[in-house]
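Chain residues, written in single-letter form:
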Amino acid sequence: MRILCLLSAVILLVSVPAFAEEGKTPTIAEVSQAAESHDGLFRLHQNEARGKIWLELPAPDGEGLVASVLYVDGLTTGLGSNPVGLDRGQLGRQRVLDIHRFGPKVLFLERNLGFRALSEDPLERRATAQSFAPSVEWAGEVAALEEDGRSLVEISSFLIRDAHAVLQTLRDTDQGAYRLDSERSAVDFTASLAFPDNLEFEAFLTYALEAPEPGRLVARTAPGPESFGLVQHHSLIRLPDDGYRPRPGDPRIGFFGPQFQDYAVGLDASIHRWFISRHRLEKTDPEAERSTVKEPIVYYVDSGAPEPIQSALIEGAMWWAEAFEEAGFIDAYRVEVMPADAHPLDVRYNVIQWVHRSTRGWSYGGGVIDPRTGEILKGHVSLGSLRVRQDRLLFEGLLGTAKTGTGDPDDPIELALARIRQLSAHEVGHTLGITHNFAASTYAGRASVMDYPAPLVTVRDGALDVSQAYGVGLGAWDIHTVRYGYSQFPSSVDERAALEAIVQDGLRDGLLFITDADARPAGASDPRGNLWDNGADAVDALETTLAVRRHALDRFGADRLPEGLPLAQLEEVLVPVYFHHRFQVQAAAKVIGGLEFDYAVRGDGQPPPRWVTPERQRRALDVMMGLLEPSFLDLPDEVLALMTPRAFGSERNREMFRSQTRPAFDALGAAESAADQVIQQLLQPHRLSRILEAERRLEGALSLRDLLDQLEEPVTAPTSGTAREQSLRDVVQRVIVERMMALAADESAPLRLRLRIEDRLTAWRDVLATRDGGQGAALARRLGRFFDHGLEYKPDAAAQPMPPGSPIGSDDPGFHAVGGMHSGHNAGGGCSFEATR
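Residues numbered from 1 in each chain as written. Predicted model: local features only at pLDDT ≥ 70, side-chain atom pairs only at ≥ 80, totals over all residues. Heavy atoms only, no water.

On to the overall build of the protein, then. Secondary structure summary: the protein contains 24 helices and 28 strands in total. For the protein, the spread of C-alpha atoms along the three principal axes comes to 100 × 65 × 60 Å. By residue count, 57% of the 837 residues in the protein fall in the buried class. As presented, the protein carries roughly 34100 Å² of accessible surface, and 52% of it is formed by carbon and sulfur atoms. The average position of the 86 basic charges and that of the 120 acidic charges among the side chains of the protein differ by 3 Å. (Helix = DSSP H or I, 4+ residues; strand = E, 2+ residues; numbered from the N terminus. Buried < 20%, exposed > 50% of the residue type's maximum accessible area, 1.4 Å probe, protein only. Areas by Shrake-Rupley, 256 points an atom, 1.4 Å probe, with all protein chains shown as cover. Lys, Arg positive; Asp, Glu negative; His and termini not counted. Charge placed at Lys NZ, Arg CZ, Asp CG, Glu CD.)

Below, the discussion takes up the environment of Ala-269. The residue Ala-269 is located in the loop between strand 14 (259–262) and strand 15 (272–274) in this model. Residue classification places Ala-269 among the partly exposed residues on the basis of a relative accessible area of 39%. With 250 residues separating them along the chain, Ala-269 and Ala-519 place their C-alpha atoms 31 Å apart.

A separate point is the sheet that holds strand 7 (residues 115–116). One open sheet accounts for three strands, arranged 7-14-15; its pairing is mixed. Looking at the sheet topology across the chains shown, the edges are occupied by strand 7 and strand 15. Here strand 14 runs beside strand 15; their pairing, made up of three bridges, is antiparallel. Within strand 15, the position partnered with Phe-260 by the bridge is Arg-273. (Pairing = 2+ DSSP bridges.)

For the rest of this paragraph, the subject is the packing of aromatic side chains. On inspection of all chains with the given rule, the structure shows 26 aromatic pairs. Taken together, the ring pairs connect Phe-255, Tyr-299, Phe-324, Tyr-333 and Tyr-486 into an aromatic cluster. When the ring centre of Phe-632 is taken as origin, the NZ or CZ atom of Arg-549, which lies over that ring, is 3.9 Å away. Seen from the ring of Phe-579, Arg-582 lies directly overhead, with NZ or CZ sitting 5.7 Å from the centre. (Phe/Tyr/Trp six-rings, centres within 6.5 Å; stacked < 30°, edge-to-face > 60°. Lys NZ or Arg CZ within 6 Å of the ring centre and 35° of its normal.)

Here we come to helix 10 (residues 412–431). The terminal C-alpha atoms of helix 10, which comprises 20 residues, lie 29 Å apart, in line with the 28 Å expected from a rise of 1.5 Å per residue. Extensive coverage of helix 10 is indicated by the burial of 18 of its 20 residues. In the stretch just after helix 10, Gly-433 is the one whose phi turns positive, near 105 degrees. (Expected span 1.5 Å × (residues − 1).)

Here we come to the environment of Ile-28. Checked against the element boundaries, Ile-28 lands in helix 2 (residues 28–31). For the pair formed by Ile-28 and Glu-56, sequence separation is 28 residues and the distance between their alpha carbons is 8.0 Å. Apart from the residues lying within four places of it in its own chain, the contact partners of Ile-28 are His-45, Glu-56, Ala-144, Glu-146, Arg-150, Ser-151 and Leu-152. (Contact = heavy atoms within 4.5 Å.)

Turning our attention to the pattern of salt bridges. Scanning the entire structure with this criterion turns up 61 salt bridges. Note that Lys-403 is salt-bridged to Asp-410, the shortest N-O span being 2.9 Å. Of the charged contacts, one joins Glu-738 and Arg-782 as a salt bridge, the two residues approaching to 2.4 Å between their closest N and O atoms. Note that Glu-738 is positioned in helix 22 (residues 723–744) and Arg-782 in helix 24 (residues 774–789), a separation of 44 residues in sequence. Via salt bridges that share partners, Asp-526, Arg-528, Glu-596, Asp-598, Arg-610 and Arg-616 belong to a single interconnected network. (Salt bridge = Lys/Arg side-chain N within 4 Å of Asp/Glu carboxyl O.)

Right, let's talk about the pairing of strand 6 (residues 105–110) for a bit. With respect to burial, strand 6 is a largely interior element, five of its six residues being buried. Note that strand 5 (residues 90–102) and strand 6 share six bridges and pair antiparallel. The residue bridging Arg-101 from the neighbouring strand is Val-106, located in strand 6. Across six bridges, strand 6 lies against strand 8 (residues 135–145) in antiparallel orientation. When the bridges of strand 8 are listed, Glu-110 appears paired with Ser-135.

Below, the discussion takes up the packing of helix 9 (residues 387–399) against helix 14 (residues 570–578). Two quantities define a packed helix pair, namely the angle between the axes and the distance from one axis to the other. Their axes nearest at 9 Å, the elements helix 9 and helix 14 cross at an angle of 80 degrees. Taken together, the axes of helix 9 and helix 14 lie roughly perpendicular to each other. Between helix 9 and helix 14, the residues in contact are Leu-393, Leu-394, Glu-396, Gly-397 and Leu-398 and Glu-572, Val-573, Pro-576 and Val-577, respectively. Considering only residue class, the contact of helix 9 with helix 14 consists of six nonpolar, one polar and two charged. (Axes fitted to C-alpha atoms, helices over the stretch in contact; angles between N-to-C directions. Parallel < 35°, antiparallel > 145°, perpendicular 65-115°, else oblique. Nonpolar A, V, L, I, M, F, W, Y, C, P; charged D, E, K, R; others polar.)

The residue Ser-659 is located in the loop between helix 18 (637–640) and helix 19 (667–682) in this model. Relative accessible area serves as the criterion here: at 12%, Ser-659 is assigned to the buried category. Among the polar contacts listed, one links the side chain of Ser-659 to the backbone nitrogen of Thr-661, at a separation of 3.2 Å. The contacts of Ser-659, once residues within four sequence positions are left out, are Arg-652, Ala-664 and Asp-666. (Polar contact = N/O pair within 3.5 Å; in protein donor to acceptor, adjacent residues only side chain to side chain.)

Here His-426 is to be found in helix 10. Residue class for His-426 comes out buried when judged on its relative accessible area of 0%. Reaching out from His-426, the side chain makes a polar contact with the side chain of His-436 at a distance of 3.3 Å.

The next subject is helix 14. Most of helix 14 is tucked away: nine of the nine residues are buried. Those residues of helix 14 that fall on the buried side of the exposure criterion are Leu-570, Glu-571, Glu-572, Val-573, Leu-574, Val-575, Pro-576, Val-577 and Tyr-578. Looking at the packing, one finds that the buried side of helix 14 touches helix 9, helix 13 (538–554), helix 17 (630–633), helix 18 and helix 19.

What follows concerns unusual backbone geometry. Between Glu-307 and the following residue, Pro-308, the backbone shows a cis peptide bond with an omega angle of 5 degrees. In this structure, the amide linkage connecting Arg-662 to the following residue, Pro-663, adopts the cis form with an omega of 5 degrees. Note on placement: Pro-663 falls in the loop between helix 18 and helix 19. Here the phi dihedral of Ala-165 falls at roughly 60 degrees; this positive angle occurs in a residue that is not glycine. Checked against the element boundaries, Ala-165 lands in the loop between helix 4 (156–159) and helix 5 (166–172). Despite not being glycine, Asp-461 has its phi angle at roughly 55 degrees, a positive value. Classification of Asp-461 by relative accessible area gives exposed; the value is 79%.

That is the geometry; function is a separate question.
Written out as structure tokens, the structure reads:
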């Protein structure tokens, strides 16, 4: 049931006869006599001179249902600001619309698919449908009516509305109060297209400022921020037929897809259901182990992507052909350049789109998915065009610019193209239904393009080796996952048993799976699941990364910048070199208080959760503490001499170190940012709470006291060394104390932890109070104020934040994002997002 049936019947019985008795409704021919008509999913009539566009709808059934369609909104054009997030080619939410006629009105009702009854019994389905409300997408007046029940409805108000929730996005990103100005908005009749299975529409929408001031990000990208225009796209799509068979999700396999509650299941089963998202792919010979397919999956690369990027995108996306071959499909997948007359938001095309923004930002892999079954109707990738330039900058910072443009294996451009191939494969993977696997970098051979790849750089024979910077081709996990999602089994095979056998193959082969929820959070526990890391052992990889950083800093010079650019732009190149270790630090920190676990299913033989051994935890802590030494935090004088103030015509931007010494370079500020990252990782509340738990369960465990003792030494140690060294020790001391106060004041942290932190702070205050002048005495007084004010006291920010590593979704106040080769640029569509480092 798609709406409350009894109510529908009553409305129809009352409304339709009265409607007919009025005798005022014209026929379709009368209304559309001057209109241009097109046949398609629905017959389309449009009169451009009058600004009218009508849908001709079939007669309703006995319950008032005219038709059911899949509806998707999107943006054909974008604002161009990554932090705001309104991008060219952005898809919106897909929903099933049940089109109902109630007398003189037509309602577009979004079906509530979160609660269903997958039953053959119509009464059971009706009971569930009547229990949960639909949403009303739009309502319009019937403009014409035929005796056979066909009707005409004018839909310009459906097209000229904020369907993509632009206004909400502007509010969420603090970009000022705007409104949709319908007087300066219009339907684009040249973009109204009718096809047998879909209708495509566009409207130019004007957003007008109501508040006194526009948001800073809109002001930076729109020529006149008092109003700006976006082209909004609408797709009405025929619902797929019943030939697609949904496939169940499994927590041990990396597919996303619709989840819902099924009230038709028996009492012995869970009402929670999950279908994976995947394309429909059918063999011409379903009984054969290998076969050609009825209709291949074809992806189209944006013809607006320039060379050599376009070729790199095609090459990377084509890697997936191997997985389909391994799954038994012959010539089932290919990648081509998009035809010039194709629209990227047309549901008939799987698209890899090249998107420009004013700053670096995320890339996305998503698409149009039938929310009833998980069937992917359209894969849609949006790749930020500036990310390839950021990758070039990364390698020029490490290697210099001498090889740039040579075409050699260590040419920063060639290395950036290697990354864009991997990125293309990664985002296409999302549009095939596959989620991230952030454990893939821990097993040999980089087993998945669905991980975030750190460039694998090592020091070999006194030089940096970038020969294995990025992987080529799919990994074992990718092929394994496609087998689960897409394999077609002969009719004699039990599909459930066959799918479990595939899962067991992966478990036997050690194909570990860890996804976003257990890798991204700061307090995540499993050191095998990380973003931008390398290697099976996070601490070993950190030491390798530190060696690369030391090598690059020792040789950092003006040759890291192309000829002819202002020397001040070296600061943007220095940032990723100085912070080259930042992501591997996050990985190594998970060893401390670490807990490894698997997405186990009853009876599958996977081991229970287990603590990381105390020996590994102590080693990780020792290496992390080394990152607080003055020798690590300081920059060579030769590098500092190159850090010149900004040149005329060049503003400071978010890709630079934060500075409180302008125009001079703030070396202590850079050290403060680096130290703060380490200390935040060590004092993460979930991590420390796990340490407390492990103390009582793991013999010889690293204790909270052990960790705090390590932090105490730089806090309470007497002044020593040169003034330069002591200034860096002061930085570390100050940041540790500030972060400890922040933790003690964090009411979301467990009280048992906060009491231990307060106790240690009290002891430090007593020691520091004995110091004669200097920072120690000042910190003792600061701690006194902290305790005097109790938990209401909010410590100041411990340090200036690092410049962004991954693309960010919000802007940093006071910093202007600007374009340019060395401004450090990069780039979820529903299903996912990806970053560049």
